[in-house]
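# Structural characterization, general
Below, each chain spelled out in residue letters.
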Amino acid sequence: EDVRKEVDHILDRFFIKRIGLRFLLQHYIEAAETRSGVSGIIHSDVQVGRILRAEAQEARRKCRELYGVAPEVVVVGDGEDFDPAMPSRMSPGSSLYENPNLSYDRQFTYVP
């Protein structure tokens, strides 16, 4: 059991680093092209609520298809009140689990 935990930890670190590297490379490549409202792969006008609701609906559909049941998914807020000029409420180096705006009850809910 201890070996499995260590292997899981090593694989987690490997894949997280791989994802981070791919993100940085793609951002660097895309940043060479100047486009309005976009900085590399980061878009300034993203409708987070709409995207989350669509993906939650798709996840529920797949759960129902595979397992016959699906958990309720609640998306609170549309992200439209997000102001990139405002400093983040999370300080650098803080954990999501330490953030008072994040609650966990068999689901994660971020309330900006």
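In this convention, every chain numbers its residues from 1, walking through the sequence in written order. Confidence filtering applies because this is a predicted model: local features only for residues at pLDDT of at least 70, side-chain atom pairs given and counted only at 80 or more, and all residues used for totals across whole chains, interfaces and linings. Heavy atoms throughout the structure, all of them, feed into the side-chain values; hydrogens and water do not.

With that out of the way, let us pick up the overall build of the protein chain. In terms of helices and strands, the protein chain carries two helices and four strands. The order of helices and strands in the protein chain, counted from the N terminus, is α-β-β-α-β-β. Burial classes: relative accessible area under 20% of the type maximum marks a residue as buried, over 50% as exposed, and values in between as partly exposed (1.4 Å probe, protein chains only). Buried residues in the protein chain amount to 6% of all 112 residues. Should any heavy atoms of two residues lie within 4.5 Å, those residues are counted as being in contact. When contacts within the protein chain are restricted to residue pairs at least 6 apart in sequence, long-range pairs at least 24 apart make up 20% of them. We count a stretch as a helix when DSSP gives it H or I for four or more residues in a row; a strand needs E for two or more, and each element gets its number in order from the N terminus.

A separate point is the packing of aromatic side chains. Whether two aromatic rings pair depends on their centres lying within 6.5 Å, for rings of Phe, Tyr and Trp, where Trp uses its six-membered ring; planes under 30 degrees apart make the pair stacked, over 60 edge-to-face, and the rest tilted. Within this structure, the stated rule accounts for one aromatic pair. Seen in terms of ring centroids, Phe14 and Phe15 are 5.0 Å apart; in terms of plane orientation they differ by 75°. Their pairing is edge-to-face. Residue classification places Phe14 among the partly exposed positions, given a relative accessible area of 47%. Overall, Phe15 belongs to the partly exposed group, its relative accessible area being 42%.

By convention in these notes, a salt bridge is any Lys or Arg side-chain nitrogen within 4 Å of a carboxyl oxygen on Asp or Glu. Under the defined criterion, the tally for this structure stands at four salt bridges. For Glu30, the salt bridge identified is with Arg35, shortest N-O distance 3.1 Å. Residues Glu65 and Arg61 are paired through a salt bridge, measuring 2.8 Å at the closest nitrogen-oxygen approach. Residue Glu65 and its partner Arg61 are both found in helix α2 (residues 48-67); the two are separated by four residues, about one turn of the helix. Taking relative accessible area as the criterion, Glu65 reaches 57% and is therefore assigned exposed. Classification of Arg61 as partly exposed rests on a relative accessible area of 40%. A cluster of three or more residues bridged by salt bridges with shared partners is formed by Glu30, Glu33 and Arg35.

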